[in-house]
2 protein chains.
Amino acid sequence: LFVLGIDPGLSRTGFAVLHQTGHGIGVAAVGVIRTPPDRPVAERLAELFGDVEQVIATYRPEEVAIEEVFVNQNLQTSTGVGRASGVAILAAARAGLKVFEYTPTEVKNAVTGYGKAPKGQVEATVARRLGLAAVPGPADAADACAVAICHLQTVPARRAVERAR
Amino acid sequence: LFVLGIDPGLSRTGFAVLHQTGHGIGVAAVGVIRTPPDRPVAERLAELFGDVEQVIATYRPEEVAIEEVFVNQNLQTSTGVGRASGVAILAAARAGLKVFEYTPTEVKNAVTGYGKAPKGQVEATVARRLGLAAVPGPADAADACAVAICHLQTVPARRAVERAR
């Protein structure tokens, strides 16, 4: 299974295409989509949409995992994250991909076994589990890896539940 | 000038295509786009995007006015509004239309002359100014009319500023 993990944001959207191998998790792609802060929001969303479409067309993931929007005190950031996530989910939907959402706690729990793990621990665990010498940077790329790992781990259990129905 | 006003939401997105006539504001279209709450978010966003594209293709507005996302206590509604607005703005951007954002206070102020006007007063003023016998329903449609009216009113002043530069 090839899964596209997305950590959405208007200024930076992290993405990672990971796949389950016989003995671990392989990295097909990892990176960040940036949009210029000095441009109108409409233009930035169009750019983000086109870039996510491009990632999907290039790496052909089969499913998409995205971190749920966390609305915080910073109204402007929250609005940007909401809009960016809407556009990223739309790109996935139009490519015919199923989208799965995970809360930050679910992601941390899946990666480190502890839902309140500090950011540094999550990133170090991500690097180790992907067999990378260094943490993928910037943080958004590491977060995209984390949500993709979370999805890959959750899949076997979900498939079992579906079979049991 | 034909302007498309949008009041975004995942369950209901109000839209209104209004235009300035010699003696007032004319209504080309007004309505609501609904998406089924029991379907996955990805599917609903794709449906909303397609419907906004359809409205643009049918009524050929020249500019788009949208109410700024108001993040409130209800996290789920706020997330839905953010995503819906992202997708609506994207549809406008991909059609080559400029998008203008207005806060709820700016909209109320433009329509009624009072930024804290109650909802009922805004709706009644919208109906009167559009020469409609009744308030366009549901509320999302009336809100879309209000933001379009706000934009039509703001245009002359903005054009004057642009000329003066």
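Residues numbered from 1 in each chain as written. Chains lettered and ligands numbered in written order. Predicted model: local features only at pLDDT ≥ 70, side-chain atom pairs only at ≥ 80, totals over all residues. Heavy atoms only, no water.

Caption draft 1: Region of the structure containing the overall build of chain A. Of the regular secondary structure elements, chain A holds 5 helices and 5 strands. Start at the N end of chain A and walk to the C end: the helices and strands fall as β-β-β-α-β-α-β-α-α-α. For a compact globule of 165 residues, the expected C-alpha radius of gyration is about 15 Å, and chain A comes in at 15 Å, within 12% of that figure. Expressed as lengths along the three principal axes of its C-alpha atoms, the size of chain A is roughly 45 × 35 × 30 Å. Taken over 165 residues, chain A has a buried fraction of 49%. Residue pairs at least 24 apart in sequence account for 60% of intrachain contacts in chain A once pairs closer than 6 positions are excluded. (Helix = DSSP H or I, 4+ residues; strand = E, 2+ residues; numbered from the N terminus. Rg over C-alpha atoms; globule rule 2.2 N^0.38 Å. Buried < 20%, exposed > 50% of the residue type's maximum accessible area, 1.4 Å probe, protein only. Contact = heavy atoms within 4.5 Å.)

Caption draft 2: Highlighting the pairing of strand S4 (residues 63-67) of chain A. Residues and elements named next belong to chain A. Of all 5 residues in S4, 5 are buried, a share of seventy percent or more. Taking every second residue as pointing to the same face, both faces of S4 are buried, with Glu 63, Ala 65 and Glu 67 on one and Val 64 and Ile 66 on the other. As paired elements, strand S1 (residues 2-7) and S4 share 4 bridges and run parallel to each other. Residue pairing in the sheet places Gly 5 in a bridge with Ala 65 of S4. Sheet topology places S4 next to strand S5 (residues 98-102); 5 bridges connect them, and they run parallel. Along S5, the bridge assignment pairs Val 64 with Val 99. (Pairing = 2+ DSSP bridges.)

Caption draft 3: Representation of a nonpolar patch on the surface within the structure. Residues and elements named next belong to chain A. On the surface, Val 27, Val 30 and Leu 132 cluster together into a nonpolar patch covering about 180 Å² of accessible area. Looking at the element boundaries, Val 30 is found in strand S3 (residues 24-34). On the basis of relative accessibility, which here comes to 36%, the residue Val 30 falls in the partly exposed class. (Patch = residues over 30% accessible without salt bridge, like charges linked within 9 Å, V, L, I, M, F, W, Y side chains within 5 Å. Areas by Shrake-Rupley, 256 points an atom, 1.4 Å probe, with all protein chains shown as cover. Salt bridge = Lys/Arg side-chain N within 4 Å of Asp/Glu carboxyl O.)

Caption draft 4: The relation of the copies chain A and chain B, seen in detail. Mapping chain A onto chain B is achieved by rotating through 180° and translating by 0.0 Å along the same axis, at an RMSD of 0.0 Å. The two molecules are tied by a two-fold rotation axis, judged by turn and shift. The fraction of interface residues of chain A whose copies in chain B are also interface residues reaches 100%, indicating that both copies meet through the same surface. (Least-squares fit on C-alpha atoms with pLDDT ≥ 70 in both.)

Caption draft 5: Quick look at the interface of chain A and chain B. Opposite the 21 residues of chain A that make contact, chain B presents 21 residues. A buried area of about 1800 Å², summed over both sides, lies between chain A and chain B, and 70% of it is on carbon and sulfur atoms. Summed over the shared surface of chain A and chain B, the number is 2 salt bridges. With a closest N to O distance of 2.9 Å, Arg 83 of chain B and Glu 101 of chain A form a salt bridge. At the surface where chain A touches chain B, the tally comes to 4 residue pairs in polar contact (both at pLDDT 80 or more). For the side of chain A that touches chain B, the secondary structure elements donating two or more residues are helix H1 (41-59), helix H2 (75-94) and S5 of chain A. A total of 11 residues in the side of chain A that touches chain B trace back to one element, the largest contributor, which is H2 of chain A. Classifying every residue of the side of chain A that touches chain B by side-chain character gives 13 nonpolar, 4 polar and 4 charged. (Buried area = accessible area lost by both parts, 1.4 Å probe. Polar contact = N/O pair within 3.5 Å; in protein donor to acceptor, adjacent residues only side chain to side chain. Nonpolar A, V, L, I, M, F, W, Y, C, P; charged D, E, K, R; others polar.)

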